[in-house]
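The primary structure of each chain is shown beneath.
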Amino acid sequence: IGIEYVEQPLPAGDLPGMARLARISPIPLAADEAVLSLSAARAILDAQAAQLLILKPMALGGLLSTLAVARLAASRGVRVVVTTTLDGACARMGAACAAAALPGIPGASAPDIAHGLATGHLLAQDLLPDPPPRTLGGLLTLPKAAGLGISLAPPSGSAAPPG
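The structure presented is a predicted model; accordingly, all values stated were derived computationally and were not measured. (Residues numbered from 1 in each chain as written. Predicted model: local features only at pLDDT ≥ 70, side-chain atom pairs only at ≥ 80, totals over all residues. Heavy atoms only, no water.)

Colleague: Would you take a moment to explain the overall build of the protein for this structure?
Modeller: What the protein contains, in helices and strands, is five helices and six strands. Tracing the protein from N to C terminus, the helices and strands come up as β-α-β-α-β-α-α-β-α-β-β. Relative to its 163 residues, the protein shows a buried fraction of 36%. A sequence separation of at least 24 residues applies to 62% of the contacts in the protein between residues at least 6 apart. Summing over all exposed atoms, the protein offers an accessible surface of approximately 9,200 Å²; the carbon and sulfur share of this is 61%. (Helix = DSSP H or I, 4+ residues; strand = E, 2+ residues; numbered from the N terminus. Buried < 20%, exposed > 50% of the residue type's maximum accessible area, 1.4 Å probe, protein only. Contact = heavy atoms within 4.5 Å. Areas by Shrake-Rupley, 256 points an atom, 1.4 Å probe, with all protein chains shown as cover.)

Colleague: Would you explain the sheet that holds strand β1 (residues 6–7) in this entry?
Modeller: If you trace the four strands from one edge of the open sheet to the other, you get β1-β2-β3-β4, paired in parallel fashion. The strands lining the two open edges of the sheet, one partner per strand, are β1 and β4 (79–82). (Pairing = 2+ DSSP bridges.)

Colleague: What's the story with the side chain of Gln8 in this structure? I'm lost.
Modeller: When you line up the elements, Gln8 lands in the loop between β1 and α1 (15–24). A polar atom in the side chain of Gln8 sits 3.2 Å from the backbone nitrogen of Glu33. (Polar contact = N/O pair within 3.5 Å; in protein donor to acceptor, adjacent residues only side chain to side chain.)

Colleague: I would appreciate a short explanation of the nonpolar core in the present structure.
Modeller: For soluble globular proteins, nonpolar side chains are generally found buried alongside one another. Counting residues in each nonpolar core, the largest one holds 33 residues, and the members touching the most others are Val35, Ile44, Leu53, Leu55, Val80 and Leu102. A per-element tally of this core places helix α4 (residues 63–75) first, with six residues. With residues up to four places along the chain from it excluded, the contact list for Val80 reads Leu52, Leu53, Leu55, Ala70, Ala73, Leu102, Ala108, Ser109 and His115. In this structure, Ala30, Leu52, Ile54 and Ile113 belong to the second largest nonpolar core, which totals seven residues. (Core = buried A, V, L, I, M, F, W, Y, C linked by side-chain atoms within 4.5 Å.)

Colleague: Please clarify how the pattern of salt bridges should be interpreted in this entry.
Modeller: One pass over the full model with this rule turns up two salt bridges. Between Asp32 and Lys56 there is a salt bridge, and its shortest N-O distance comes to 2.9 Å. Linking Asp32 in the loop between β2 (29–31) and α2 (38–47) with Lys56 in the loop between β3 (52–55) and α3 (57–60), this pair joins segments that are 24 residues apart in sequence. Residues Asp32 and Lys56 agree in their burial class; the two are buried. Between Asp46 and Arg76 there is a salt bridge, with the nearest N and O atoms lying 2.8 Å from each other. Of this pair, Asp46 sits in helix α2 while Arg76 sits in the loop between α4 and β4; the two residues are 30 residues apart in sequence, bridging distant segments of the chain. (Salt bridge = Lys/Arg side-chain N within 4 Å of Asp/Glu carboxyl O.)

Structure follows, in C-alpha cells:
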C-alpha cells in the first residue's frame, strides 16, 4: 500500500531492538522520540537503528542544531523529515525554514517526502490571528524576505507599537 516508513515502532531507548527490526523490516524505520540531540542522533546512526530521522527543532534545541543533525544523517546516507511538536506559529515557521534549508544539504531529504509542518489547525488558538505557515495544494508558502515573516498583532483594541 506504499507505506513510506514506520515512525518510532519501539520505545526511544531501545536502540538494539530498533537496529534488529531495521535489519529485517521491509519498511524503512524512522527514529522520532529518540532524536533529542546530536549525540542521540549519532547513537541511532551508529547502531543503524533507523533509515530515517524525524527532526523536531523544538526538541533538538533550535534550527542550527536541527541542521547539524541533518548534516550528520546525510553524511551517513540517512534522510530526515522535519516536523513540529505541535508548536505555535513562530516555531512552525522556524521548522518550515529548516525543512526549506534541507536541499542545501545533499542527501538529507527527498522531494517526495512530506514534512510534518501543517499542524497549526490542531491548536485551539495561536499567537497570530491567521498563523503561518499557509498551505496551498499541499505545499507551504514561505516568506521571501529574511526572517520568519511573522509580526505579532497587538491585542484587539490596543494601538500598534511605534516603529
